[in-house]
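# A closer look at the structure
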Amino acid sequence: MDCKSFPVVFVGLLLLCRFSSGQDKLSCSICRKIAANCLKGIENTSRKNFGGGNTDWEERYLSKYEISETRLVEIMESLCENSDFECHLMVETNEEHIERWWFTKQKDHSDFFHWFCVDTITVCCPAGSFGVDCVGCPGGMERPCSGHGTCNGDGTRTGDGSCSCTKEYKGEECLDCADGYYSTFQNETHSLCTACHPACKLCTGPSNHNCSECASGWVQTVTSEDRFICVDVDECAADILPCKQHEYCSNTEGSFSCEACHNACDACSGEGPEKCINCTTGYTMEEQNCVDINECSQSEKVCTSENEDCVNTDGSFTCVCTAGHENHNGICVEIKTPVEEETPEETHVEPQMLADDAFHEDL
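A brief report on the enclosed structure follows. Values in this document were obtained by computation on a predicted structure and should not be read as measured data. (Residues numbered from 1 in each chain as written. Predicted model: local features only at pLDDT ≥ 70, side-chain atom pairs only at ≥ 80, totals over all residues. Heavy atoms only, no water.)

## Comments concerning the environment of Val 222
Checked against the element boundaries, Val 222 lands in strand β11 (residues 218-222). Measuring from C-alpha to C-alpha, the distance between Val 222 and His 209 comes to 9.9 Å, with 13 residues separating the pair along the chain. (Helix = DSSP H or I, 4+ residues; strand = E, 2+ residues; numbered from the N terminus.)

## Points about the packing of aromatic side chains
One pass over the full model with this rule turns up three aromatic pairs. Relative to Phe 116, the ring of Phe 112 has its centre 5.1 Å away and its plane inclined at 10 degrees; by these criteria the two rings are stacked. Of the two residues, Phe 112 and Phe 116 are both situated in helix α7 (residues 112-120); the distance of four residues between them amounts to about one turn of the helix. Take Phe 112: its relative accessible area is 7%, and that puts it in the buried class. For Phe 116, a relative accessible area of 0% gives the class buried. By way of ring pairs, the aromatic residues Trp 101, Trp 102, Phe 112 and Phe 116 are connected into one cluster. (Phe/Tyr/Trp six-rings, centres within 6.5 Å; stacked < 30°, edge-to-face > 60°. Buried < 20%, exposed > 50% of the residue type's maximum accessible area, 1.4 Å probe, protein only.)

## What about the pairing of strand β19 (residues 308-313)?
Both β19 and strand β20 (residues 316-321) contribute to a ladder of six bridges, which runs antiparallel. Each bridged residue has a counterpart across the sheet, and for Thr 313 the counterpart in β20 is Ser 316. Here β19 hands over to β20 after two residues, with Gly 315 in that stretch at a positive phi of 85 degrees. (Pairing = 2+ DSSP bridges.)

## Describing the side chain of Asn 208
Its place among the elements puts Asn 208 in the loop between β9 (200-203) and β10 (211-214). According to the relative accessible area criterion, Asn 208 is buried, its value standing at 17%. For Asn 208, the side chain forms a polar contact with the main-chain oxygen of Cys 230, separated by 3.2 Å. Among all residues touching Asn 208, those that are not within four sequence positions of it are His 197, Ala 199, Cys 200, Phe 228, Ile 229 and Cys 230. (Polar contact = N/O pair within 3.5 Å; in protein donor to acceptor, adjacent residues only side chain to side chain. Contact = heavy atoms within 4.5 Å.)

## Digging into the state of the cysteines
Evaluation of the coordinates by the stated rule reveals 19 disulfides. Through a disulfide, Cys 80 is tied to Cys 87; the S-S separation comes to 1.9 Å. Between Cys 80 and Cys 87, the S-S torsion sits near -75 degrees, and that sign places the bridge as left-handed. Cys 87 carries the same exposure label as Cys 80, and that label is buried. Here Cys 200 engages in a disulfide with Cys 211; their sulfurs sit 1.8 Å apart. Judged by the sign of its S-S torsion, about -70 degrees, the bond between Cys 200 and Cys 211 is left-handed. Here Cys 200 is found in strand β9, whereas its partner Cys 211 is found in strand β10, with 11 residues between them in sequence. For the residue pair Cys 200 and Cys 211, the accessibility class agrees, reading buried in each case. Counting only cysteine sulfurs, Cys 117 is the nearest neighbor of Cys 38, a cysteine outside any disulfide, at a range of 9.8 Å. The class of Cys 38 is buried, set by a relative accessible area of 6%. (Disulfide = S-S within 2.5 Å.)

Structure (structure tokens):
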């Protein structure tokens, strides 16, 4: 054997062993895909060459094509995608089984998936069962996990059959209500669980009067009718507030949130400048409201450099150069306009004047 071909052959043998063992979720998913593509192939080829209008020809030839090897080859060519090596390997490994079903078994076993994947090469189980022996899932094969969860290994030869329940249910068969839900109906095979009131961690009914235990952020108290009820804890009413400086506490049902104060506030009790407890720098308290200080209107100038103007901003001010000046290394200097140099005018001398000057020189 060529050494280069050994790894390919080795991988093929490993896959063959896996398929033959039947204990693999992937093997079942591949087989399901083959069975589904086989059904598509049968449907597609059933329409091929029909409807030509020649009844005599159809009776003589199409009846033969219906169960012919030619049709089977066409179907098998569509079972796997070109790049799906594991699918092609499973088909090649079990080609005789597929041919046997096509020519001798399909009349009595019309469900190709069940005959091929479950009963013949034993890589899958019927829906609602799991494991080597295809044992029924908890809750029964008809309604695995009582219809409220998924059965581990369902439909394959793997898994332990344990139920993963949806959030509303718990228990081996997903029949019991999880924390935060209460039962509105239950018998040996069916149950219906409904969410408790947000105040309840455990409950027996829909309102906060039905709490067996309060949820976090709620506390149990007694009503005037001597009934227990879970009410919201107002964390924002505590002596020590849970929020940082420059934040205010906003109570919510069962919890709270910390929101940023207005930028005018150094500390606040709510939203907006009117909720400031005290003001931050650049603001002053007027009629229980933090308002901006206009530094530019104060008697003492804040912009003291020459040729500077003061511009008020929200909570502060800025100094800018006056019109006609610009900042140069921190000093406002006058903007100089370049002066255009005058070009001397050329003296134009008439030709007659030049001639007269020459005449006088000759004399």
